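# Structural features, examined
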Amino acid sequence: MIKRVFLIVLDSLGVGELPDAYKFHDEGSNTLRAIRTSKFFVGDNLKKLGMFNIDGVEGGIENPTGVYARLSEKSAGKDTTVGHWEIAGLVSENPLPTFPDGFPKEVIDEFEKQTGRKTLCNKPYSGTEVIKDFGKEHVDTGALIVYTSADSVFQIAANEAIVPVEKLYEICAEARRMLVGKYGVGRVIARPFVGDCAANFTRTPRRHDFSLVPPADTMLDVLQQAGKSTIGVGKIHDIFAGKGVSETIRTSGNTEGLKVTMELADRDFDGLAFVNLVDFDMLYGHRRDVAGYAAAAAEFNDWLPTFMDKMRPDDILMVTADHGCDPSYTKTTDHTREYVPFLIYGKNLRHGVDLGTRYCFG
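Overview of the structure. (Residues numbered from 1 in each chain as written. Predicted model: local features only at pLDDT ≥ 70, side-chain atom pairs only at ≥ 80, totals over all residues. Heavy atoms only, no water.)

### Section: the overall build of the protein chain
Scanning the protein chain from terminus to terminus reveals 11 helices and 14 strands. Since a compact globule built from 362 residues should have a radius of gyration of about 21 Å, the 20 Å found for the protein chain is in line with a globular shape. Projecting the C-alpha coordinates of the protein chain onto the three principal axes gives extents of approximately 60 × 45 × 35 Å. A fraction of 69% describes how many contacts in the protein chain between residues 6 or more apart in sequence connect residues 24 or more apart. For the protein chain, the exposed surface amounts to about 14,700 Å²; the carbon and sulfur share of it is 51%. The averaged location of the 51 negative side-chain charges in the protein chain is 1 Å from the averaged location of its 42 positive side-chain charges. (Helix = DSSP H or I, 4+ residues; strand = E, 2+ residues; numbered from the N terminus. Rg over C-alpha atoms; globule rule 2.2 N^0.38 Å. Contact = heavy atoms within 4.5 Å. Areas by Shrake-Rupley, 256 points an atom, 1.4 Å probe, with all protein chains shown as cover. Lys, Arg positive; Asp, Glu negative; His and termini not counted. Charge placed at Lys NZ, Arg CZ, Asp CG, Glu CD.)

Right, dumping it as structure tokens:
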């Protein structure tokens, strides 16, 4: 009888453009293909599991140890929030609002009124470039850097020396309460940074996401109601606004997330460990860093055998993603609309089962 499930989301590791990618201006995107070109990519254990046997992926082997499939997103979007919600069984038929021209005046006016601070930028921007271009003015004036992207996000950047991190979190929580209805973005994101000039402004690991509450129950709620543990590792709590999450273990990135997951393999619990590895997306995908993304994939690849050896006979490992973020796709620095992989392994499961292409993440 299955007792523990480890569900690991390789945040943004897509495996090729979806048929409707053209609607999102993402034609030709393929995150996995891009990182396999790098000398830093190592995928021998992923290959054994069945990653390269997935529809549309080249280089598969006979009789991989896992069950494998390619998943097509049913939700209207390519965002972290809707991707994870769909993994958890909640399809978003309507896209979350985006603001390609920046936020309307009434939103900014209300935000400035609530916070007592002026704002800078208010347009789609790269997170690293926005602090280079507006960081000095922010430091000089105390005005908050507000920006968005192609995703449904309201991002607030502030220097930790000007706005302490806890204060920035309070400001983001206020924005979250304000941004509902037609302005109900998927996430309000705190983006703290440090430094004293454009040359050394650097984002810190103290990012924090404030998500919409899922509009209906997900598998997390169902498991919790059944008396099972639901352990969120990384930013899972933030993505689901805590709904259905019984325990939260925050991490600073992939390396710590993998360490925590390995430790959970030694722990007795009955339920789900839901793990998000954010560095693929945040540090490498959006920054279009093919080498960094490939090295992060190699780290996960090298971690797999030790974890799989630790698994108990009734454990299940699931590996998937929530969208793409092709680091070689230079038209934009945004997410890419892609299929995602789905790999399942258990010591008592059949090996080498091809589930083909499935038309939903859940």
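Moving on from the coordinates now.
### Quick notes on the packing of helix α9 (residues 254-264) against helix α11 (residues 290-310)
Two quantities define a packed helix pair, namely the angle between the axes and the distance from one axis to the other. The interhelical angle for the contact between α9 and α11, taken along N-to-C directions, is 5°, at an axis separation of 11 Å. Of the possible angle classes, the one that applies to α9 and α11 is roughly parallel. Counting all contacts with α9, which are made through Asn254, Thr255, Leu258, Thr261 and Met262, the residues of α11 involved are Ala296, Glu299, Phe300, Trp303, Thr306, Phe307 and Lys310. Tallied by class, the residues present in the contact of α9 with α11 amount to 6 nonpolar, 4 polar and 2 charged. (Axes fitted to C-alpha atoms, helices over the stretch in contact; angles between N-to-C directions. Parallel < 35°, antiparallel > 145°, perpendicular 65-115°, else oblique. Nonpolar A, V, L, I, M, F, W, Y, C, P; charged D, E, K, R; others polar.)

### So, helix α5 (residues 127-141)
In a regular helix each residue adds 1.5 Å, so 15 residues correspond to 21 Å; α5 covers 20 Å between its end C-alpha atoms and thus fits that length. Remark: the principal bend of α5, roughly 55°, maps to Phe134. Of the positions making up α5, those classed as buried are Gly127, Val130, Ile131, Phe134, Gly135 and His138. Residues of α5 that are buried make contact with β3 (119-124), β4 (144-148), β5 (153-159), β6 (187-194) and β7 (202-203). Residue Gly142 follows α5 closely and has a positive phi angle near 80°. (Expected span 1.5 Å × (residues − 1). Bend = angle between axes of the 7 residues up to and from the residue. Buried < 20%, exposed > 50% of the residue type's maximum accessible area, 1.4 Å probe, protein only.)

### As for the pattern of salt bridges
If you walk through the whole model with that rule in mind, you get 24 salt bridges. With a closest N to O distance of 2.6 Å, Asp217 and Lys243 form a salt bridge. Remark: Lys243 occurs in the loop between α8 (236-239) and β10 (247-249) and Asp217 occurs in the loop between β8 (208-211) and α7 (219-225); sequence separation between them is 26 residues. Residue Asp217 is classed as partly exposed on the basis of its relative accessible area of 44%. Beyond isolated ion pairs, a larger network of salt bridges with shared partners links Asp79, Arg187, Arg207 and Asp209. (Salt bridge = Lys/Arg side-chain N within 4 Å of Asp/Glu carboxyl O.)

### Some points on the state of the cysteines
Counted under the stated rule, the structure contains 0 disulfides. In this model Cys121 remains outside any disulfide bridge; the closest cysteine sulfur is found in Cys172, 15 Å from its own. This cysteine, Cys197, is not joined by any disulfide, and Cys121 carries the nearest cysteine sulfur, 19 Å off. (Disulfide = S-S within 2.5 Å.)

### Things to note about the pairing of strand β11 (residues 271-277)
With 7 of 7 residues buried, β11 is to be regarded as a mostly interior element. Both strand β9 (residues 229-233) and β11 contribute to a ladder of 5 bridges, which runs parallel. Its bridge partner lying in β11, Val233 is registered against Val275. (Pairing = 2+ DSSP bridges.)

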